[in-house]
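# Working through the structure, step by step
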Amino acid sequence: MRSVFLGSIIAISIWACSGPKSQSNEETKESVSQEATAPAEEEARVFFKAPEDGATVSSPVFVEMGVVGMQVEPAGEVKEGFGHHHILINQEYWPTGEVIPATDTTIHFGKGQTNTSLELAPGNYTISLQFADGVHSSYGPDMAASIKVTVK
């Protein structure tokens, strides 16, 4: 009796283990690799954190600058993927590869600053961010962004 019972348990165990598998190792690897696919990196760009486009503001105008896909560092050395901000007043962008001069309407942030306050007379303005390399050579329209503000 005991041997019949033991034989039945062994037979059931063999039958249970020999059934079809739910998923092969190759199928598992394929589904894991599809799930682990990372989203594509965001394209490099600059943007205004403040003020908002169309805002009515008072002088001094607080401006906060942002960038994704590149790193901010002080001017001086040219390194791929690095640069610093410039603000252009009443201009859309600076041409690609051209050095941005330091003037009252093209303001350099060569220490790596990401915010500032601008003294502007009352009126309507286009304020643009322009990212440039370590020697102020513009990355052009692809790394520029503009907003319009009214200063009261």
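Calculation criteria
- Residues numbered from 1 in each chain as written.
- Predicted model: local features only at pLDDT ≥ 70, side-chain atom pairs only at ≥ 80, totals over all residues.
- Heavy atoms only, no water.
- Helix = DSSP H or I, 4+ residues; strand = E, 2+ residues; numbered from the N terminus.
- Buried < 20%, exposed > 50% of the residue type's maximum accessible area, 1.4 Å probe, protein only.
- Pairing = 2+ DSSP bridges.
- Axes fitted to C-alpha atoms, helices over the stretch in contact; angles between N-to-C directions.
- Core = buried A, V, L, I, M, F, W, Y, C linked by side-chain atoms within 4.5 Å.
- Contact = heavy atoms within 4.5 Å.
- Salt bridge = Lys/Arg side-chain N within 4 Å of Asp/Glu carboxyl O.

### Comments concerning the overall build of the protein
Secondary structure assignment for the protein yields two helices and nine strands. When the helices and strands of the protein are placed in sequence order, the string is α-α-β-β-β-β-β-β-β-β-β. Taking all 152 residues of the protein together, 32% fall into the buried category.

### What to know about the environment of Glu43
With respect to the secondary-structure elements, Glu43 resides in the loop between α2 (25–35) and β1 (45–50). The spacing of Glu43 and Gly69 is 26 residues in sequence and 6.1 Å in space, taken between C-alpha atoms.

### Topic: the sheet that holds β1
In space, the three strands of this open sheet follow the order β1-β3-β7, with antiparallel pairing throughout. Among the strands making up the open sheet, the edge pair consists of β1 and β7 (115–118). Across this sheet, the average inter-strand angle for adjacent strands is 30°, counted without regard to direction. Sheet topology places strand β3 (residues 61–68) next to β7; four bridges connect them, and they run antiparallel. Residue pairing for β7: Val63 is matched across the bridge by Thr116.

### Details of the nonpolar core
In this structure, Ile87, Leu120 and Ile127 are the most contacted members of the largest nonpolar core, which totals 23 residues. Here Ile87 is in contact with Val63, Met65, Thr105, Thr106, Ile107, Phe109, Thr116, Leu118, Ile127, Ser128 and Leu129, once residues within four sequence places are set aside.

### Focus on the pattern of salt bridges
According to the stated counting rule, one finds one salt bridge in the structure shown. Here Glu73 and Lys79 are joined by a salt bridge, their closest N and O atoms 3.2 Å apart.

### Some remarks on the environment of Ala75
Along the chain, the position of Ala75 falls in the loop between β4 (71–72) and β5 (82–89). Given a relative accessible area of 29%, Ala75 falls into the partly exposed group. On a C-alpha basis, the gap between Ala75 and Asp133 in space is 7.3 Å, while along the polypeptide they are 58 residues apart. Apart from the residues within four sequence positions on either side, Ala75 is in contact with His84, Gly110, Gly134 and His136.

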